[in-house]
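Survey of secondary and tertiary structure
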Amino acid sequence: MKKKSNRKQYIICQIFICLFILLCVSLYWEKKNFGGVDLNSIVFTMTMPLEGTSGTFVVSYLLKALLPAIVLFVLEILAVWAFGKYLRSKIVEKTRIKDSFFELTTIKTVIFVVVMFVAFLGIANYSLKVFDFIRSQYATSEFIKNNYVDPNKTKLEFPKKKRNLIYIFMESAESTLQDKKSGGLFKENFIPEMTKLEKDNVSFSQNSKYIGANVADSGGYTTGGMVAEQCGLPMKVDIYKNAMDKFEYFLPGATSIGELLEKEGYYNYFMCGSKWVFGGKEKYLSQHGYKNHFDYNTAVKEGKIDEDYFRWWGFEDEKLYQYSREKITEMAKNKKPFNFCMLTVDTHHVGGYKCRLCKNEHKDKYANVWSCASRQVYEFVNWIKKQSFYEETTVVICGDHCSMDPNFYEKYGITKEERKVYNVFINSAVNPIKDKNRKFTCLDIFPSTLAAMGVKIKGNQLALGVNLFSSKNTLPEKYGFKKFDDEMSKKSTFFNDTILYPKKK
């Protein structure tokens, strides 16, 4: 009986050791591939469709996380067996220590499991700030409730001649990528053309140079960034209720720029080079004003690319810009004002996709990918400027969030806290009162985009975003970043009941 009990306890311990090894290696892999993205983002992403995920991540996880974990577990089994054999043949025989000393009793197993759990929790907290996430699920705040301005109840005065909008979400675009004299954090400028766009147009900055926006709370991934910039809201999740894929509506209480423009008779269109179902983009966009779209699957269906054609996350940005030109030209022929929104993908982590247009100007692949991306978006903007519709069109270029590529920035000693999101407003209908030395986040891009289109916003605030073209203080300017970030990270009953899970739309 003792041998059977001992064997049972041994098996239980080995199961927990196996899980411990797998989880620890997975955390290491996550940190190396996603830069320690917050747990809120992971919880949200795991509840969304994973279709469309780049195969490179799947292969990377299998080879660099699952396989090493299996190898480590096998080595641990062999080490335990060899050590046990050594103890029995050398130590036990000589010292006549009782066999019970080596027996795995229930109490010993419980202690072992608890120690393993605490050790993993410590490692997970270091990587994902688990304790902060748990705190955010319990510590409540009225901050969002007290500062929220309902877009549906705010007077918006559109100009008589409504302006078109071309909104470019540049994957992972940061002002950080510029040289130090331009406001970046590198010795050389990896995105000189994008810097030129900032200098020639309106670009809001937190200093006297060109340093962009802080990532909004829960906005460190694509869908979260899109919600922040187009709804002025954080993509917070409630761990007790979070099952967004089981709900019929995505953020039913939120109002996006797509919905506001749709009410004003705009034709909204979204285009990306990946599968738009990934990460909940389809649910968010289709249910918030973007009923028309073009993605990887559309390109295959329309015969623009072959069924077996797949690069990176779908098709490369070179093709995306080409298809965008075609669609925008088509939309411009109609009498309706249009809102064309696009999302690039070549600069996605890790390392980006080096297309045929990329040059070997820098020693790092990611830097070369960014230089290529800078040239492509600059050429695209120049094409727009040559079109007949340009005079009545506002162009906005923003990063969706800061890059999750940890290797590139860590190599240069750049911390996550130093990095900012790129922004530029081209052919704005209004000039800013103050565009430098502002404290702001991606939430403020929402009303600022409408203002750049010539829309007058009563009170100059929508949701939690403030119109940067106005003199009104943003929430970080009013409260300071520390208080703003702390309060935004807490649980908001108002957000859950009004935005996330309202009873009625």
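Residues numbered from 1 in each chain as written. Predicted model: local features only at pLDDT ≥ 70, side-chain atom pairs only at ≥ 80, totals over all residues. Heavy atoms only, no water.

**Regarding the overall build of the protein chain**
Here is the rule we go by: Strands are runs of DSSP state E lasting at least two residues, helices are runs of H or I lasting at least four, and both sets are numbered from the N terminus onward. Between buried and exposed lies partly exposed: a residue is buried under 20% and exposed over 50% of the maximum accessible area for its type, with that area taken using a 1.4 Å probe on protein chains only. Throughout, a residue-residue contact means that at least one pair of heavy atoms, one from each residue, lies within 4.5 Å. Accessibility throughout is a Shrake-Rupley quantity obtained with a 1.4 Å probe, and a residue counts as covered only by protein chains that appear here.
Scanning the protein chain from N- to C-terminus turns up 18 helices and 10 strands. Counting over 505 residues, the protein chain shows a buried share of 55%. For the protein chain, contacts bridging at least 24 residues in sequence account for 75% of all contacts bridging at least 6. Carbon and sulfur atoms make up 57% of the accessible area of the protein chain, which totals about 23700 Å².

**Some remarks on the side chain of Asn-368**
Locating Asn-368 in the fold gives a position in helix α13 (residues 365-385). Dropping the residues within four chain positions of it, Asn-368 is found in contact with Lys-354, Cys-358, Lys-359, Asn-360, Glu-361 and His-362.

**A few points about the packing of aromatic side chains**
For the record, the criterion: For Phe, Tyr and Trp, rings pair up if their centres lie within 6.5 Å, where Trp contributes its six-membered ring, and each pair is then called stacked (planes under 30 degrees apart), edge-to-face (over 60) or tilted (otherwise).
Counted according to the given criterion, the structure contains 30 aromatic pairs. Between the aromatic rings of Phe-186 and Tyr-409, the centroid separation amounts to 6.1 Å while the plane-to-plane angle is 55°, which identifies the pairing as tilted. Within this pair, whereas Phe-186 is found in the loop between β2 (164-170) and α7 (192-200), its partner Tyr-409 is found in helix α14 (residues 406-411), the two being separated by 223 residues in sequence. Both residues of the pair, Phe-186 and Tyr-409, count as buried.

**Concerning the pattern of salt bridges**
Let me state the cut-off plainly: The term salt bridge refers to a pairing of a side-chain nitrogen on Lys or Arg with a carboxyl oxygen on Asp or Glu at a separation within 4 Å.
In total, this model carries 16 salt bridges according to the counting rule given. Residue Arg-419 pairs with Glu-174 through a salt bridge whose shortest N-O separation is 2.7 Å. Here Arg-419 is found in the loop between α14 and β7 (423-426), whereas its partner Glu-174 is found in the loop between β2 and α7, with 245 residues between them in sequence. Assessed through its relative accessible area of 9%, Arg-419 is described here as buried. A relative accessible area of 0% means that Glu-174 is categorised as buried. With a closest N to O distance of 3.6 Å, Glu-316 and Lys-319 form a salt bridge. Judged by relative accessible area, which is 8%, Glu-316 ranks as buried.

**What about the side chain of Glu-171?**
Relative to the elements of secondary structure, Glu-171 occurs in the loop between β2 and α7. With residues up to four places along the chain from it excluded, the contact list for Glu-171 reads Thr-222, Leu-343, Thr-344, Val-345, Thr-347, His-348, Trp-370, Asp-400 and His-401.

**Remarks on the nonpolar core**
Here is the rule we go by: Among buried residues, the Ala, Val, Leu, Ile, Met, Phe, Trp, Tyr and Cys ones that are joined through side-chain atoms within 4.5 Å form a nonpolar core.
Ranked by size, the top nonpolar core spans 63 residues in total, and within it Leu-233, Leu-251, Phe-270 and Leu-450 carry the most contacts. Listed in part, the 46 residues of the second largest apolar core include Ile-166, Ile-191, Tyr-323 and Trp-370.

**Digging into the packing of helix α12 (residues 317-332) against α13**
How two helices sit against one another is set out by the angle between their axes and by the gap between those axes. Worth spelling out the cut-off: Here the axes come from fitting lines to C-alpha atoms, over the contacting stretch only for helices, and the angles between their N-to-C directions go from 0 to 180 degrees. Here is the rule for angles: anything less than 35 degrees is roughly parallel, anything more than 145 is roughly antiparallel, 65 through 115 is roughly perpendicular, and the remaining ranges are oblique. By convention, the crossing between two helices is left-handed when the near helix turns anticlockwise from the far helix through less than a right angle, and right-handed when the turn is clockwise. Polar here means any residue outside two lists: the nonpolar Ala, Val, Leu, Ile, Met, Phe, Trp, Tyr, Cys and Pro, and the charged Asp, Glu, Lys and Arg; Gly therefore counts as polar.
Across the interface, α12 lies against α13 with an axial gap of 11 Å and an inter-helix angle of 15°. The pairing of α12 with α13 is recorded here as roughly parallel in orientation. For the pair α12 and α13, the sense of crossing is right-handed. Packed against α12, whose contacting residues are Asp-317, Glu-318, Tyr-321, Ser-324, Arg-325, Ile-328 and Thr-329, the element α13 presents Gln-376, Val-377, Glu-379, Phe-380 and Trp-383 at the interface. When its residues are assigned to classes, the contact of α12 with α13 shows 5 nonpolar, 3 polar and 4 charged.

**Some words on the confidence of the model for the protein chain**
Rule in force here: Confidence of the prediction at every residue is given by pLDDT, a number between 0 and 100.
Mean pLDDT over the protein chain stands at 84; residues scoring 70 or higher make up 75%. Counting contacts from residues 94-102, a segment whose pLDDT is below 50, to residues more than four positions away or on other chains yields 10 contacts. Note on residues 242-246: pLDDT under 50 across the span, and 16 contacts to partners over four residues away in sequence or across chains.

**Considering unusual backbone geometry**
One can expect most non-glycine residues to show negative phi and most peptide bonds to be in trans. Here the phi dihedral of Leu-251 falls at roughly 50°; this positive angle occurs in a residue that is not glycine. Inspection of the secondary structure assignment puts Leu-251 in the loop between α8 (222-231) and α9 (257-263). A relative accessible area of 1% places Leu-251 in the buried class. Its identity is not glycine, yet Ala-463 carries a phi of approximately 55°, on the positive side.

**A word on the pairing of β7**
The side chains of a regular strand alternate between both faces of the sheet. Stated precisely, the cut-off is as follows: Strands qualify as paired when DSSP identifies two bridges or more between them.
Here β7 shows a buried face lined by Asn-423 and Phe-425 and a second buried face lined by Val-424 and Ile-426. Bridging between strand β6 (residues 393-399) and β7 involves 4 bridges; their strand directions are antiparallel. Residue Cys-398 lies in a different strand from β7, and its bridge partner there is Asn-423.

**Some points on the pairing of β2**
The element β2 is largely enclosed, with a buried count of 7 among its 7 residues. Burial along β2 is two-sided: Asn-164, Ile-166, Ile-168 and Met-170 and Leu-165, Tyr-167 and Phe-169, pointing in opposite directions, are all buried. Pairing analysis gives 7 bridges linking β2 to β6, with the strands arranged parallel. For Phe-169, the partnering residue across the bridge sits in β6 and is Cys-398.

**Concerning the environment of Tyr-221**
Here Tyr-221 lies in the loop between α7 and α8. Here Tyr-221 falls in the buried class, since its relative accessible area comes to 5%. On a C-alpha basis, the gap between Tyr-221 and Met-404 in space is 8.3 Å, while along the polypeptide they are 183 residues apart.

**Some remarks on the sheet that holds β7**
Judged by pairing direction, the sheet is mixed, and its 6 strands sit side by side in the order β4-β3-β5-β2-β6-β7 without closing on themselves. Edge positions in the sheet fall to β4 (293-294) and β7, since each has one partner strand and no second. Docked against the sheet, α7 engages β2, β6 and β7, running at close to 55° with respect to β7. The strands touched by helix α15 (residues 445-452) are β2, β6 and β7; relative to β7, the strand with the most contacts, the crossing angle is about 15°.

**So, α8**
Most of α8 sits out of view: 10 of its 10 residues are buried. Those residues of α8 that fall on the buried side of the exposure criterion are Thr-222, Thr-223, Gly-224, Gly-225, Met-226, Val-227, Ala-228, Glu-229, Gln-230 and Cys-231. Two residues or fewer after α8 comes Gly-232, characterised by a positive phi angle close to 70°.

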